[in-house]
Amino acid sequence: MEGTLKSTAVEVLQGNKEVVALTDCYVMQTYARYPIALVRGEGCRLWDADGKVYLDFVAGLAVCNLGHCHPRVVEAIRAQAGRLLHVSNLYHIPSQSLLARKIVELSFGDRVFFCNSGAEANEGAIKLARRYERFVRKGDRFEILTMWNSFHGRTLGALSATGQEKLQKGFEPLVPGFRYVPFNDPEALEKAVDGRTCAILMEPIQGEGGVVLPSESYLRFVRKLCDERGLLLLFDEVQVGMGRTGTLFAYEQYGVEPDVMTLAKGLAGGVPIGALVTTQEAAKGFVPGTHAATFGGNPLATAAGLAALDAILEEGILENCRQAGAYLRKGLDEVAGRHPDLIQEVRGRGLILGLELKVSGAPFVKACMESGLLINCTAERVLRFLPPLVVKREEIDEMLSILERVLSEGADNNRGMP
Ligand code: PLP
């Protein structure tokens, strides 16, 4: 670069347009991105490369539960980065041991395996279920039942577990050994269990599937079925874990404990991490040499995880999530009451809330973004609200007023949007 080497992308690139052009030119085209580049964040606010500020109700897709650049997480990362970034799991890693102990103390679990993402955590859960059957139960069952409309990640095993044909198209042959049943349908699940079934994998609340909640009794039914038939129950809490529903883990709200739980997203406040949490019994499925991840539980990620978990526990984050969640829910119900032509239903728990529209959600997401509000749409018609769990009432009021305006304009301008 002719002697003018600049140290960060933000210094080199001027504005949204330049970043967008570069992405379009060099980055693999796997995402349909909005034409802004986000360069700075604080709490529930983000700034783009042109200096425009946004209120963030996406939170990096349920990652930034503590808001952007939470000081404790930033400080922990800085301190750890100056001491030791990475060592192999050939050796012991203090922050990994401490984070595992903390997760165990706070959950049903006895053992933790660390990896780097939600999909990778689910791969671990799938492998563990198969190997537990083979080597601990000494059986030959291999099939894992999962739910239609579920989402477990994009790696081939996790994608094969995901009950959405549109995401699987073109990647066949899928990994064998998965069968899908309708979510929240006890009879269909009971009927599907047969002599090949070794486990059930499910999200306690479906996130990508459109914020779909089970009935109060469904998870208890699934637990009982697993106990009766000797199946492992695997909960994917990648999206709804780490405080998102108002308790640290979503399973707590249903009074049902799994044998295995996967975590990722919010676990380290924005640093990539994944975890597999298991009972002592299920952990017998793995022995040294059977599963591994080079970066899994490395010093940087687990130091960030410790700081994030401490912040969640010590700063009233769960209480705020419950209160702010109830306030947001009430506001969304009122919005829905004013737009019965446009809105089908409001649903969710804590701060994972969905507004199901009768039309496509994409134009509304775009209009909100232009008005300085980031929200997301999933399952085509469900506007999803996933703010940082530190969100304040004033920020919720601001969000609701932008949303109200955008919905009113949408209803006026474009009746019958696609
Ligand atoms: N499981 C659930 C429930 C998710 O919501 C996601 C991501 O949205 C994943 C797994 C995949 O996580 P990752 O993108 O970190 O692989």
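What counts, and at which threshold
- Residues numbered from 1 in each chain as written.
- Predicted model: local features only at pLDDT ≥ 70, side-chain atom pairs only at ≥ 80, totals over all residues.
- Heavy atoms only, no water.
- Near = heavy atom within 4 Å.
- Polar contact = N/O pair within 3.5 Å; in protein donor to acceptor, adjacent residues only side chain to side chain.
- Areas by Shrake-Rupley, 256 points an atom, 1.4 Å probe, with all protein chains shown as cover.
- Helix = DSSP H or I, 4+ residues; strand = E, 2+ residues; numbered from the N terminus.
- Nonpolar A, V, L, I, M, F, W, Y, C, P; charged D, E, K, R; others polar.
- Domains from an automatic or database assignment.
- Contact = heavy atoms within 4.5 Å.
- Buried area = accessible area lost by both parts, 1.4 Å probe.
- Salt bridge = Lys/Arg side-chain N within 4 Å of Asp/Glu carboxyl O.
- Expected span 1.5 Å × (residues − 1).
- Buried < 20%, exposed > 50% of the residue type's maximum accessible area, 1.4 Å probe, protein only.
- Pairing = 2+ DSSP bridges.
- Axes fitted to C-alpha atoms, helices over the stretch in contact; angles between N-to-C directions.
- Lys, Arg positive; Asp, Glu negative; His and termini not counted.

### Observations concerning the site of the ligand
The local shell around the ligand holds 13 residues, among which Gly118, Ala119, Asp236, Gln239 and Lys265 are the closest. Contacts to the ligand include alanine 119, whose backbone N or O atom sits 2.8 Å from an oxygen atom. Summarising the interface, the protein chains cover 81% of the accessible area of the ligand, which totals 390 Å² for the free molecule. Broken down by element, the shell around the ligand gets its largest block of residues, three residues, from helix α6 (residues 118-136). Looking at the shell around the ligand residue by residue, the class counts come to three nonpolar, six polar and four charged.

### Quick look at the domain arrangement of the chain
What the domain assignment lists for the chain is domain 1 (29-62 + 316-413) and domain 2 (72-314). Taken over C-alpha atoms, the centre of domain 1 sits 27 Å from the centre of domain 2. Tallying the contact residues gives 25 residues for domain 1 and 26 residues for domain 2. On the domain 1 side of the interface with domain 2, the three residues burying the most area are Leu318, Arg349 and Ile352, jointly 34% of the side's total. The tally of links from domain 1 across to domain 2 stands at two salt bridges. In this structure, glutamate 216 and arginine 349 form a salt bridge, with 2.6 Å as the shortest nitrogen-oxygen distance. For the interface between domain 1 and domain 2, the tally reads 11 residue pairs in polar contact (both at pLDDT 80 or more). Listing elements by their share of the side of domain 1 that touches domain 2, those giving two or more residues are α3 (59-62), α13 (317-338), β11 (343-349), β12 (352-357) and β15 (382-385). Residue contributions to the side of domain 1 that touches domain 2 peak at four residues, all from α13. When grouped by side-chain class, the residues that make up the side of domain 1 that touches domain 2 number 15 nonpolar, five polar and five charged.

### A short note on helix α12 (residues 299-314)
Between the first and last C-alpha of α12 there are 22 Å, a value that for 16 residues agrees with the 22 Å anticipated at 1.5 Å per step. In the segment just after α12, glycine 316 is the residue with positive phi, at about 65°.

### Comments concerning the side chain of arginine 223
Among the structural elements, arginine 223 can be located in helix α10 (residues 218-229). Of the residues examined, arginine 223 reaches a relative accessible area of 14% and is grouped as buried. Excluding residues that lie within four positions of it along the chain, arginine 223 makes contacts with Leu231, Leu233, Val256, Glu257, Pro258 and Asp259.

### A closer look at the sheet that holds strand β14 (residues 376-378)
Strand order across the open sheet formed by four strands is β11-β12-β15-β14, with antiparallel pairing between neighbours. Where the open sheet ends on each side, the last strands, each with one partner, are β11 and β14. Adjacent strand axes in the sheet meet at a mean angle of 25° when their direction is disregarded. Strand direction decides the pairing type here: β14 and β15, joined by three bridges, are antiparallel. From the neighbouring strand, asparagine 376 faces β15, where its bridge partner is arginine 384. Set on the sheet, α13 makes contact with β11, β12 and β15; between it and β11 the angle comes to about 175°. Each of β12, β14 and β15 touches helix α14 (residues 362-370); the most contacted strand, β14, lies at about 170° to it.

### Quick notes on the sheet that holds strand β1 (residues 38-42)
Spatial ordering of the open sheet is given by β1-β2-β3-β13, a layout of four strands whose pairing is mixed. Each end of this open sheet is capped by a strand with a single partner; those strands are β1 and β13 (373-374). Relative to strand β2 (residues 45-48), β1 runs antiparallel, the two sharing four bridges. Looking at β2, one finds that glutamate 42 is bridged to arginine 45.

### Quick word on unusual backbone geometry
Between glutamate 172 and proline 173 the backbone carries a cis peptide bond, its omega angle lying at 0°. Along the chain, proline 173 turns up in the loop between α8 (165-168) and β6 (178-181). Phi at asparagine 149 is positive, roughly 70°, even though this residue is not glycine. Checked against the element boundaries, asparagine 149 lands in the loop between β5 (143-147) and α7 (156-161). Unusually for a residue other than glycine, glutamate 380 sits at a positive phi of about 65°. Structurally, glutamate 380 is set in the loop between β14 and β15.

### Points about the side chain of aspartate 48
By the secondary structure assignment, aspartate 48 is in strand β2. Buried charge without a salt bridge: aspartate 48, with lysine 52 as the nearest opposite-charge side chain at an N-O distance of 6.1 Å. Side-chain polar atoms of aspartate 48 contact the side chain of tyrosine 54, separated by 2.7 Å. Sequence-distant contacts of aspartate 48, defined by excluding residues within four places in its chain, comprise Asn16, Ile36, Ala37, Leu38, Val39 and Tyr54.

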